[in-house]
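# A look at the structure
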Amino acid sequence: MEQTSSKFNQLPKSWNLVFNLILIVLCVVCIIPIILVYAISFTSEASLSAKGYQFLPSEWSLDAYRYVFRNGDQILQSAYVTIGVTAIGTLFSLLVTALFSYVLSRRDFRYRNVMAFFLFFTMLFNGGLVPSYIVNTNVLHLADTFWILILPYSLSAFNVIILRTFMQQSIETAILEAARIDGAGEWYIFARIVLPLSKPGLATVGLFTLVTYWNDWFLGQLYITNPKLVSLQYMLMKLQSNIDFVTSNATSATNNMLMAQIPAEGARMAILVIVLTPILCAYPFFQKYFVKGLTIGGIKG
Amino acid sequence: MTFLYELRKNKVLFLMALPALILLVLFNYLPMFGVILAFKNYNFYDGILGSPWIGFKNFEYLFKGDAWLITRNTLLYNFVFIIFGLILAVALAIVLDEIRNRFLSKTYQTILIMPYFLSWTIVALIFYAFLSADKGIINQALTYMGMHPINFYSETTYWPYILIFVFFWKSVGYSSIIYLASITGISPEYYEAATIDGASKWQQIRFITIPCLKPIIIIMTILSIGKIFYADFGLFYQVTYNSGALYPVTQVIDTYVYNGLTSMGNYGMTAAAGLYQSFVGFVLVIITNWIVKKMDKDSALF
């Protein structure tokens, strides 16, 4: 990124030092909690129950991970669900969003404003959770299906606006006209010219969508009862609330049985680490597109 | 007739828009008709259309009961989030822009946005590691210093601060990047001219950077005012582990609607709460936009 404003009349060295210090402190605040979770996942269960959570475990151990992989059926199943939903959802959503954004970016299309309003209105007003829930379960019959985890998030007005603005600003109308004169059809123009030229915009919107699907637990909690469709995030959440339930209603016989099925503290943090690491590794690669896409795609269209 | 003509002429464009239009109808517009539930005594057998009308009864129940509490919580938290969020994000963007070393600047950005990409489930667990009654880091420290441990998940006093901290921890890095992106778009000529005229760096920030950010600040603010009746469900539900003891300071309209739907099964009243939320949000956007239009025509959203 260009550092435009600092090329001229820079702040004195002392201020530069102060700014660096502020940022270092903020970065530490951001990252320390994440490091703690990694540390807990590598701590032995004995030292966890004796000393509690620690940044520097007094006893290192891989037991948590062994436990997770030994009892891995549900985790593996949930990983399939999460990966499947993320991959199919992101591709589907990108396709629908790109097609619609392209139509809205065509200034010569008569109904573009009507359609844009149809989209924009959903940002201002919605039926709310209860009507959506009833429509999805009783009218569309999507409860406990794979598609309920994908369709509700597949079209975001915000993403369409970002991508439409991006297309309007970075694709010259002249290119499209030239292609049309050469005899290219609409589909050809879309696939061969518009999509390749929109890469930074697509990457930005794609990253947002990918993260939305990867991180979702809400749709699962609302609509899913079949264990085969439980995603990683939702599974992690269910584990945690089961534990709270058990610990707050301690000592009965059923609770002891429940307790036996629930992985120990370290194992929970190990699952968390397994869910967390891919997203932390993936996003620095997207970051350069991300800033560029947001800059050009700005929200006002 | 023009429509049929357009349809034939641009049938490919219509076809391209079709999947999105279908999704909008099914998942956004169809539920809008469901708001009539707020005026009905819903039962499963008669369905949405068949259930008896009861006028404003659902709203009466709502306003007699929890409406004040959940409205107050939602509004207060959102005011803090909007006002401090704006100040923090703009300040952070300016500080980031002043860092001369490009590598350092990139590294700071990467680390600061990181929390934004974590789900609320994960954030909740991460903060649980700090707040847990027996094993948490904070209580270990308190015990070490000879103080009494605090049972955070049943003690209301601290939650306004905890929630505000968690919210900013997760989101400030991301929102500052939006402003940073705009700062880097400001033409260097302004700064060049200011330097020649002898303006100090602070004057440049005050008279060039901040005025240039005004349009984006206004748009972001209008959008967040429109959402002022909505709360981040994950923050209030997950991070608090939906603990009933904390409801007086953590229950917001969204969690209220959700809890109403899942535990009480009172469809009519929760639909009324949802409609209240959506309607007030809608009116607020229109009003804010109208005010902005009066003050500065170009900055308005529509």
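Residues numbered from 1 in each chain as written. Chains lettered and ligands numbered in written order. Predicted model: local features only at pLDDT ≥ 70, side-chain atom pairs only at ≥ 80, totals over all residues. Heavy atoms only, no water.

## Some words on the overall build of chain A
The helix and strand tally for chain A stands at 14 helices and zero strands. Along chain A, helices and strands appear, N-terminal first, in the series α-α-α-α-α-α-α-α-α-α-α-α-α-α. Buried positions account for 54% of the 301 residues belonging to chain A. For chain A, long-range pairs separated by at least 24 residues make up 74% of all intrachain contacts whose partners lie at least 6 apart in sequence. By element, 66% of the accessible surface of chain A is carried by carbon and sulfur atoms, the whole surface being about 13800 Å². (Helix = DSSP H or I, 4+ residues; strand = E, 2+ residues; numbered from the N terminus. Buried < 20%, exposed > 50% of the residue type's maximum accessible area, 1.4 Å probe, protein only. Contact = heavy atoms within 4.5 Å. Areas by Shrake-Rupley, 256 points an atom, 1.4 Å probe, with all protein chains shown as cover.)

## Focus on the packing of helix H8 (residues 173-181) of chain A against helix H9 (residues 186-197) of chain A
Residue and element names in this part refer to chain A. Where H8 meets H9, the axes come as close as 11 Å, and the angle between the chain directions of the two elements is 160 degrees. What the angle tells us is that H8 and H9 run roughly antiparallel. Here H8 runs over H9; the crossing is right-handed. Contacts between H8 and H9 involve Ile175, Leu176, Ala179 and Arg180 on the former and, on the latter, Ile189, Ile193, Val194 and Leu197. Grouping the amino acids of the contact of H8 with H9 by side-chain chemistry returns seven nonpolar, no polar and one charged. (Axes fitted to C-alpha atoms, helices over the stretch in contact; angles between N-to-C directions. Parallel < 35°, antiparallel > 145°, perpendicular 65-115°, else oblique. Left-handed = near helix turned anticlockwise from the far one by under 90°. Nonpolar A, V, L, I, M, F, W, Y, C, P; charged D, E, K, R; others polar.)

## Comments concerning the UniProt feature "transmembrane region" (unreviewed entry) in chain A
Residues and elements named next belong to chain A. What UniProt calls "transmembrane region" (unreviewed entry) maps, in this numbering, to residues 17-40, 79-104, 116-134, 146-166, 187-214 and 266-286. Taken as a whole, residues 79-104 contains 100% helix and 0% strand, while its terminal C-alpha atoms sit 36 Å from one another. As annotated, residues 187-214 has a helix share of 96% and a strand share of 0%, and its two end C-alpha atoms lie 31 Å apart. (UniProt positions renumbered as here; feature names shortened; annotations may be inferred.)

## Focus on the packing of aromatic side chains
Evaluation of the coordinates by the stated rule reveals 47 aromatic pairs over all chains. A centroid spacing of 6.5 Å and a plane angle of 65 degrees characterise the contact between Phe109 of chain A and Tyr111 of chain A, whose relative ring orientation is edge-to-face. Since its relative accessible area comes to 2%, Phe109 of chain A is described here as buried. The ring centre of Trp53 of chain B lies 4.5 Å from the NZ or CZ of Lys40 of chain B, which sits over that ring. The cationic tip of Lys170 of chain B hangs over the ring face of Trp120 of chain B; the distance from NZ or CZ to the ring centre is 4.6 Å. (Phe/Tyr/Trp six-rings, centres within 6.5 Å; stacked < 30°, edge-to-face > 60°. Lys NZ or Arg CZ within 6 Å of the ring centre and 35° of its normal.)

## Considerations on the interface of chain B and chain A
In this complex, chain B contributes 110 residues to the contact, which on the side of chain A involves 107 residues. It is Met16, Arg100 and Phe117 of chain B that lose the most area in chain B upon contact with chain A, and together they represent 9% of the buried surface on that side. Connecting chain B to chain A are zero salt bridges. Between the two partners, chain B and chain A, sit 12 residue pairs in polar contact (both at pLDDT 80 or more). (Buried area = accessible area lost by both parts, 1.4 Å probe. Salt bridge = Lys/Arg side-chain N within 4 Å of Asp/Glu carboxyl O. Polar contact = N/O pair within 3.5 Å; in protein donor to acceptor, adjacent residues only side chain to side chain.)

## A look at a nonpolar patch on the surface
The grouping of Phe279, Val283, Ile287, Trp290, Ile291 and Met295 of chain B at the surface amounts to a nonpolar patch, some 630 Å² of accessible area in total. With a relative accessible area of 48%, Phe279 of chain B lands in the partly exposed category. (Patch = residues over 30% accessible without salt bridge, like charges linked within 9 Å, V, L, I, M, F, W, Y side chains within 5 Å.)

## Regarding the UniProt feature "transmembrane region" (unreviewed entry) in chain B
All names here are of chain B. Within this structure's numbering, the places UniProt gives as "transmembrane region" (unreviewed entry) are residues 12-39, 75-96, 117-138, 158-181 and 267-292. Helix makes up 100% of residues 75-96 and strand 0%, and the two end C-alpha atoms of the span are 31 Å apart. Across residues 117-138 one finds 64% helix and 0% strand; the C-alpha atoms that close the span lie 25 Å apart.

## Remarks on the side chain of Ser93 of chain A
Residue position: Ser93 of chain A is located in helix H4 (residues 73-105). A relative accessible area of 2% means that Ser93 of chain A is categorised as buried.

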